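What the coordinates show
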Amino acid sequence: MISPDDLRSLPFLASASPEDLVRLAQSAGDVQLVTGEYAVHEGHERALFAVLSGRIEVTKLIDGIERKIGERKPGQIFGEVPITFGTPFQGSYRATEPTRVLQISARAFHALAAAVPTALTFVAALASERIGGLRGIATAQPVARALMVGHRWDERLRELRTFLNRNQISNDWLAPDAPELAQHWTGPAPAEAELPALQCDDGTQLRRAGIRDVADKLGLQTRPHGAEYDTVIVGGGPAGLAAAVYGSSEGLRTLVIEREAPGGQAETSSRIENYLGFPTGVSGEELARRALQQARRLGAEIIVTRQAARIDPARRLVELDGGQTLRARTIILATGVSWRRLATEGFERLLGKGVFYGASRSEAGSTQGQDIHLIGAGNSAGQAAMYFANHARSVTLVVRGDSLAKSMSQYLIDQLRSKPNIRVELHSEVVALHGDRQLAALDLAHRPSGAVRRVDSAGVFVFIGADAETGWLPDAIVRDARGYVHTGEAAAKSGHWPLARDPYLLETTVPGVFACGDVRASPIKRVATAVGEGSMAVAFVHQFLAQPGA
Ligand SMILES: Cc1cc2nc3c(=O)[nH]c(=O)nc-3n(C[C@H](O)[C@H](O)[C@H](O)COP(=O)(O)OP(=O)(O)OC[C@H]3O[C@@H](n4cnc5c(N)ncnc54)[C@H](O)[C@@H]3O)c2cc1C
């Protein structure tokens, strides 16, 4: 507990009377931090802190990477900007040794300021000074960590860009014939056969850059540090990241295996309107970014560009692509779903060259000023149309049915109507795609009349639903006809459940292997469900591990 003696040595309280110090001591928090523990995180609501003993480092997420931007020693304060200007914290404050800090709530600070105006003057002056420094950080010329060189519609370039974006690595792109290339690329420009090429901020270059090499080069974890984990989570979408947050925060040795980059399908959603706590909606990218930071901060290991290729249910081994094997005391399957393929002439040939499954926000730049088409009538298509309409000249939604109302939420239908450059073609189907090196046009059939017309198109994005890709799982993990994994009651009724006890709600037909999120056989496929189930899966992991012999 804080005593008036603790406060006497703090410079900003130099002119406080003994009575003021007693009052403050009664309302202030006494925060004891172990090394590495945070006093407050970036984005948190205002409060004022003072270091009583130990040391605090100030960090800020710049470009997805936590950088140290300052330090606080005993006697110094932090939180002066939020408390003075009513803003959230612009940095995080972490103890670098056992540290004790005083915490003054906004309400207590205002009472103090009324009684001791010099304390307010001191804090406000420091805040004004500090704002100058923050402005410097905010206005510093952003330097991208990676420069990509490649052709606009090259599928490998797109993969690379998606991968960098999903891993929150800032990047720039230049076409191989861009006049500025010589200015930004060190040494001879990459040859045609070396595209896509990548130059990192430390000057190293990768030619025909593959995702795994890029991940290694940029310092992303691609190999597990350990050989055994309490829980191995396969898939880093909302369900997997939620399981990682709960698992790691509850002391489980937790590993997430993600074949691409964390975020899952949600990352491709331009605006999730129905996730609790975000009254104005949140982009899937932002949600994924926050979840990833949270899981990492709490100690989960997350390896990217690695695929779980096989599970040995008897010994609970997980084999990664490339052959490395891990022992998992429990396994959580959170592999979600993958886009359904479209069987249309020209489709496979032009895939990645203007034709894509789904869409991420990073694609928007390539549609700038173009006429594009989206195939599908669900919320995913509607959200993408809204987002692309801010970039493309026109966005046409190609819909087989006679209305959007059967498959799309009304709020989205209303939003689509408000955008003059979005058109909806009902009763329509794309029957062929044309283009030499990249998509140039498509044939649009009007179903009732059978009439086909050719229209120019610079981009086709397909949103016709998704399926679970679970063919790699062992037969012992029972799935339905479409590959969705049975859990709980369905697992018990499958005739394959081997134990006397009933399976837990999210347990598959293999004891200790759980499934959550979209991959689980259940009619609800939403972010909130995935997050809820990912969190619940960890509760069942604890119950399973508490059993004798687990
Ligand atoms: C465009 C779009 C818009 C959407 N909008 C909304 C919305 O507004 N509101 C809403 O609630 N929901 C929305 N959804 C649905 C929501 O995104 C999903 O329900 C949610 O992402 C499911 O989460 P998940 O973690 O179960 O699976 P996913 O998000 O599919 O994540 C699974 C992850 O597992 C990885 N993976 C798969 N197999 C392996 C393997 N063998 N090894 C390693 N990794 C593997 C994948 O790469 C992927 O990252 C939208 C979906 C899309 C596509």
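Note that this is a predicted model, so its numbers are computed, not measured.

**Examining the packing of aromatic side chains**
- Tallying each qualifying case throughout the model produces 12 aromatic pairs.
- With a centroid separation of 6.1 Å and an interplanar angle of 65°, the aromatic rings of Phe49 and Phe89 are classed as edge-to-face. A residue pair is termed long-range when its members are at least 10 positions apart, and Phe49 in strand S3 (residues 48–53) and Phe89 in the loop between helix H3 (80–85) and strand S7 (92–95) qualify at 40 residues.
- Taken together, Phe49, Phe78, Phe89 and Tyr93 form an aromatic cluster joined through their ring pairs.
- A cation over an aromatic ring shows up here: Arg297 above the ring of Tyr38, its NZ or CZ 5.8 Å from the ring centre.
- The side chain of Arg501 reaches across the aromatic face of Tyr504, ending 4.4 Å from its centre.

**Thoughts on the packing of helix H12 (residues 379–388) against helix H13 (residues 410–417)**
- At their nearest, the axes of H12 and H13 sit 10 Å apart, and the two run at 30° to each other. In terms of axis orientation, H12 runs roughly parallel to H13. Crossing of H12 over H13 shows left-handed handedness. Contacts between H12 and H13 pair Asn379, Gly382, Gln383, Ala385 and Met386 from the former with Tyr411, Leu412, Gln415 and Leu416 from the latter.
- Of the residues assigned to the contact of H12 with H13, the class counts are five nonpolar, four polar and no charged.

**Some thoughts on the pattern of salt bridges**
- Inspection of every chain in the model, using the stated rule, returns 37 salt bridges.
- The salt bridge partner of Asp201 is Arg145, with a shortest N-O separation of 3.8 Å. One end of the pair, Asp201, is in the loop between strand S11 (197–200) and strand S12 (205–206); the other, Arg145, is in the loop between helix H5 (117–139) and strand S9 (146–149), and 56 residues separate them in sequence.
- Its salt-bridge partner being Arg454, residue Asp443 comes within 2.8 Å of it at the nearest N-O pair. Of this pair, Asp443 sits in strand S25 (residues 439–446) while Arg454 sits in strand S26 (residues 452–456); the two residues are 11 residues apart in sequence, bridging distant segments of the chain.
- Asp443 sits in the buried class, given a relative accessible area of 10%.

So, how was this worked out
- Residues numbered from 1 in each chain as written.
- Predicted model: local features only at pLDDT ≥ 70, side-chain atom pairs only at ≥ 80, totals over all residues.
- Heavy atoms only, no water.
- Phe/Tyr/Trp six-rings, centres within 6.5 Å; stacked < 30°, edge-to-face > 60°.
- Helix = DSSP H or I, 4+ residues; strand = E, 2+ residues; numbered from the N terminus.
- Lys NZ or Arg CZ within 6 Å of the ring centre and 35° of its normal.
- Axes fitted to C-alpha atoms, helices over the stretch in contact; angles between N-to-C directions.
- Parallel < 35°, antiparallel > 145°, perpendicular 65-115°, else oblique.
- Left-handed = near helix turned anticlockwise from the far one by under 90°.
- Contact = heavy atoms within 4.5 Å.
- Nonpolar A, V, L, I, M, F, W, Y, C, P; charged D, E, K, R; others polar.
- Salt bridge = Lys/Arg side-chain N within 4 Å of Asp/Glu carboxyl O.
- Buried < 20%, exposed > 50% of the residue type's maximum accessible area, 1.4 Å probe, protein only.

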